[in-house]
Amino acid sequence: MEEMLEIIGRMDPEIALSEIGKVLKTLFSTLGEEARSQFIWELMGESKGDKVTSLVHL
C-alpha cells in the first residue's frame, strides 16, 4: 500500500486519478455487485445504513 501511495504521490493528481480509474475498471470487472457497492460506499465515507436513510427523505 505504501508503495502505491509513493508512486501516486509523484504523479500529477489528474494523471494519478486517470491511472487509478484504469486499475479500478480491471478490478471491478472481476468483482460481484455487492463488493463493488461496498467499495463505493466506503469511498464516499457512508455506511450502508446511510443509503436507507437517504431514501426515507425521498
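Only a predicted model underlies this, so the values are computations on that prediction, with no experimental measurement involved.

**As for a nonpolar patch on the surface**
Phase 1: Together, Phe39, Ile40, Leu43 and Met44 line one region of the surface with nonpolar side chains, adding up to about 370 Å² of accessible area.
Phase 2: With respect to the helices and strands, Phe39 occurs in helix H3 (residues 33-44).
Phase 3: On the basis of relative accessibility, which here comes to 31%, the residue Phe39 falls in the partly exposed class.

**Remarks on the packing of aromatic side chains**
Phase 1: Counted according to the given criterion, the structure contains one aromatic pair.
Phase 2: Geometrically, the ring pair formed by Phe28 and Phe39 is edge-to-face, given 5.6 Å between the ring centres and 80° between the ring planes. Of this pair, Phe28 sits in helix H2 (residues 13-28) while Phe39 sits in helix H3; the two residues are 11 residues apart in sequence, bridging distant segments of the chain.

**Remarks on the pattern of salt bridges**
Phase 1: Under the counting rule described, the total for this entry stands at three salt bridges.
Phase 2: The shortest N-O distance in the salt bridge between Glu19 and Lys22 comes to 3.1 Å. Placement of the pair is Glu19 and Lys22 together in helix H2, with a separation of three residues, close to one helical turn.
Phase 3: The class of Glu19 is partly exposed, set by a relative accessible area of 36%.
Phase 4: What makes Lys22 partly exposed here is its relative accessible area of 48%.
Phase 5: Note that Arg36 and Glu33 form a salt bridge whose closest N and O atoms lie 3.0 Å from each other. With Arg36 and Glu33 both in helix H3 and three residues apart, the pair spans about one turn of that helix.

Criteria and thresholds
- Residue numbers run consecutively from 1 along every chain, following the written order of its sequence.
- Where local features are concerned, this predicted model is filtered to residues with pLDDT of at least 70; where side-chain atom pairs are given and counted, the filter is 80 or more; whole-chain, interface and lining totals use all residues.
- The side-chain values count all of the structure's non-hydrogen atoms but skip hydrogen atoms and water molecules.
- The patch calculation keeps residues exceeding 30% relative accessible area without a salt bridge and links them within 9 Å when they carry like charges or within 5 Å when they are nonpolar (Val, Leu, Ile, Met, Phe, Trp, Tyr).
- Using a 1.4 Å probe, accessible areas were evaluated by the Shrake-Rupley method; residue-level cover was limited to the displayed protein chains.
- Take a side-chain nitrogen of Lys or Arg and a carboxyl oxygen of Asp or Glu: if they are within 4 Å of each other, that pair is a salt bridge.
- For the purposes of this entry, the term helix denotes a DSSP run of H or I that reaches at least four residues, the term strand denotes a run of E that reaches at least two, and both are numbered from the N terminus.
- The rule is simple: take the accessible area with a 1.4 Å probe, protein chains only, and divide by the maximum for that residue type; under 20% is buried, over 50% is exposed, in between is partly exposed.
- Two rings from Phe, Tyr or Trp (for Trp, the six-membered ring) form a pair when their centres are within 6.5 Å of each other. A pair whose planes differ by under 30 degrees is stacked, one over 60 is edge-to-face, and the rest are tilted.

These figures capture arrangement, not role.
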